[in-house]
Amino acid sequence: MEFNFKTYELKKRTIAKQVKTEVEVKTNGRIVFNKSAAALLENKPYCMLAHDKENKAIGILPAENKELNAFAIRHTNRGAYVGAKKFLKDTGLLPSANVTQTPIKAGEYIAVKL
């Protein structure tokens, strides 16, 4: 008896998932960093927030020590977030819909355009 075997070949190849570096500013006042964007925070526990009203942008400056106006960074398995509703409301930059952007390294700051 003679057999004619064919080697099995996968029909669908899996593609490695490519993760974009993204920061989302939510309507509830949270600034959410995905895992790759959280690396920009350098595992620091605090940050100072700054704003640029003309360009509608916020600047995040990671800090090692808690200062008077510092915001706590909450690190999670999926990234990190900062609760900044008061800052966003007071500066008039609280978005009416969630905004997702790629962060830009601007000197010491991490800039996010709204």
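Residues numbered from 1 in each chain as written. Predicted model: local features only at pLDDT ≥ 70, side-chain atom pairs only at ≥ 80, totals over all residues. Heavy atoms only, no water.

Draft legend 1. View of the overall build of the protein chain. Helix and strand counts for the protein chain come out as two helices and nine strands. Ordering the α and β elements of the protein chain from the N terminus gives β-β-α-β-β-β-β-α-β-β-β. Whereas a compact globule of 114 residues would reach a radius of gyration of roughly 13 Å, the protein chain reaches 21 Å, over 25% beyond that. Once the C-alpha set of the protein chain is aligned to its principal axes, its extents read approximately 85 × 30 × 25 Å. Intrachain contacts of the protein chain at a sequence separation of at least 6 include 59% that bridge at least 24 residues. Carbon and sulfur atoms make up 49% of the accessible area of the protein chain, which totals about 8,600 Å². Each charge class in the protein chain can be summarised by its mean position, and for the 20 positive and 11 negative side chains these summaries are 8 Å apart. (Helix = DSSP H or I, 4+ residues; strand = E, 2+ residues; numbered from the N terminus. Rg over C-alpha atoms; globule rule 2.2 N^0.38 Å. Contact = heavy atoms within 4.5 Å. Areas by Shrake-Rupley, 256 points an atom, 1.4 Å probe, with all protein chains shown as cover. Lys, Arg positive; Asp, Glu negative; His and termini not counted. Charge placed at Lys NZ, Arg CZ, Asp CG, Glu CD.)

Draft legend 2. Representation of the packing of aromatic side chains within the structure. All chains considered together, the criterion is met by one aromatic pair. The ring of Tyr81 has Arg30 lying over it, and the distance from NZ or CZ to the ring centre is 4.1 Å. (Phe/Tyr/Trp six-rings, centres within 6.5 Å; stacked < 30°, edge-to-face > 60°. Lys NZ or Arg CZ within 6 Å of the ring centre and 35° of its normal.)

Draft legend 3. Representation of the sheet that holds strand E9 (residues 109–113). One open sheet holds the nine strands; their spatial order is E7-E1-E2-E6-E5-E3-E4-E9-E8, and the pairing between them is antiparallel. Strand pairing shows two members of the sheet lacking a second neighbour, strand E7 (99–101) and strand E8 (104–106), which therefore form its edges. Averaged over all pairs of adjacent strands, the angle between strand axes in this sheet comes to 30 degrees, irrespective of strand direction. Here three bridges tie strand E1 (residues 23–25) to E7, and the two strands are oriented antiparallel to one another. Along E7, the bridge assignment pairs Glu24 with Thr100. (Pairing = 2+ DSSP bridges. Axes fitted to C-alpha atoms, helices over the stretch in contact; angles between N-to-C directions.)

Draft legend 4. Main features of the pattern of salt bridges. In the structure shown here, the tally under the stated rule is two salt bridges. A salt bridge links Lys44 to Glu42; the shortest N-O distance between them is 3.4 Å. The class for Lys44 is partly exposed, based on a relative accessible area of 21%. With relative accessibility at 46%, the residue Glu42 sits in the partly exposed group. Linking Lys86 and Asp90 is a salt bridge whose minimum nitrogen-to-oxygen distance equals 3.1 Å. With Lys86 and Asp90 both in helix H2 (residues 85–91) and four residues apart, this pair spans about one turn of that helix. Across the pair, Asp90 and Lys86 agree in class, each one exposed. (Salt bridge = Lys/Arg side-chain N within 4 Å of Asp/Glu carboxyl O. Buried < 20%, exposed > 50% of the residue type's maximum accessible area, 1.4 Å probe, protein only.)

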